[in-house]
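Working through the structure, step by step
Listed below, chain by chain, are the residues.
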Amino acid sequence: MRTDSKNKPTGQTWQAVALTLFPEMFPGSLGQSLAGQALQKAKWALQTVDIRGFAQDKHRTVDDSPCGGGAGMVMRADVLDLAIQDTQHSTGGLPLVYMTPRGRPLTQSRVKELAEGPGVAVLCGRYEGVDQRVLEAHNVEEISIGDYVLSGGEVAALVLFDACVRLLPGVMGSNASGDEESFEGGLLEYPLYTRPVEWQGRTVPDVLRSGHHGNIRAWRREQAEAITRERRPDLWKAYEDKRAAKNDKN
Ligand code: ADE
């Protein structure tokens, strides 16, 4: 059961829906570990919609060649429209997302928004992609999980579900507090260490063993800033701009 910010039950289970030609790819990795336990305990629900079930001919055709020529096949608007309508009807209208390398990059802030809502329905593309008209007709949000091309949207959908589910109340326990993790506060996470204190000639930094919480906090921030500056100039610029805007206000 979902809870609001005061931990009161909202009485609504977060719903993940995958519209796919390969329903057997779900729950996949999300049937394991904390997400899998949470699924069993109905802290979230997963539904697959088999797109092929909405094909209209005896061959159960879901695709056709691209208008204007070119390689591969395109998923048909009429078949997808029926699958989407059926899904929206049965789920009460979830935000609808199409996973595609052409989409806007997935961010932790979008993940948070989706996790705070009733759930998400994800259209998983195969072949070359889907007919543009169905995306326009249903005002579908297009999301990419990175600048590379997967063989279909199912793995990308699992990524989106995973990122949302771990934020749901009660799924990660205290680990989900999240204040320290990557992207919180606009920085990548600082390096982590555990025992043994010495391993293959490498030691845990002294400050982490000092017990001085102020110094530890400062060291972690420095590390997070250095890593972000080096690896992600885009995040670093946004962080600096935000910091400058804050300083201007004060
Ligand atoms: N489908 C294929 N490649 C993808 C990507 N990079 N992100 C989201 N969906 C995809």
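Scroll up a little and you will see the structure.
These numbers were taken from a predicted model, which means no experiment stands behind them.

**Notes on the sheet that holds strand β6 (residues 119-124)**
The strand order across the open sheet built from five strands is β2-β1-β6-β5-β7, with neighbouring strands paired in parallel fashion. Only two strands of the sheet have a single partner each, and these edge strands are β2 (44-50) and β7 (141-144). Strand-to-strand twist in this sheet, taken as the mean axis angle between neighbours without regard to direction, amounts to 35°. Where strand β1 (residues 14-20) lies against β2, seven bridges are found, and the strand directions are parallel. Residue pairing in the sheet places V17 in a bridge with Q47 of β2. Lying on the sheet, helix α2 (residues 77-91) is in contact with β1, β2, β5 (96-105) and β6; it crosses β1 at an angle near 165°.

**Overview of unusual backbone geometry**
Backbone phi values are negative for most residues with the exception of glycine, while trans is the configuration of most peptide bonds. Here the bond from F26 into P27 is cis, since omega is 0°, no more than 30 degrees from zero. With respect to the helices and strands, the residue P27 is situated in the loop between β1 and α1 (33-40). One non-glycine residue, N139, adopts positive backbone phi at about 50°. By secondary structure assignment, the location of N139 is in the loop between α4 (132-137) and β7. Phi at Q200 takes a positive value of approximately 50°, unusual for a residue other than glycine. The residue Q200 is located in the loop between β8 (198-199) and β9 (202-203) in this model. Residue classification places Q200 among the exposed residues on the basis of a relative accessible area of 64%.

Conventions used here
Residues numbered from 1 in each chain as written. Predicted model: local features only at pLDDT ≥ 70, side-chain atom pairs only at ≥ 80, totals over all residues. Heavy atoms only, no water. Pairing = 2+ DSSP bridges. Helix = DSSP H or I, 4+ residues; strand = E, 2+ residues; numbered from the N terminus. Axes fitted to C-alpha atoms, helices over the stretch in contact; angles between N-to-C directions. Contact = heavy atoms within 4.5 Å. Buried < 20%, exposed > 50% of the residue type's maximum accessible area, 1.4 Å probe, protein only.

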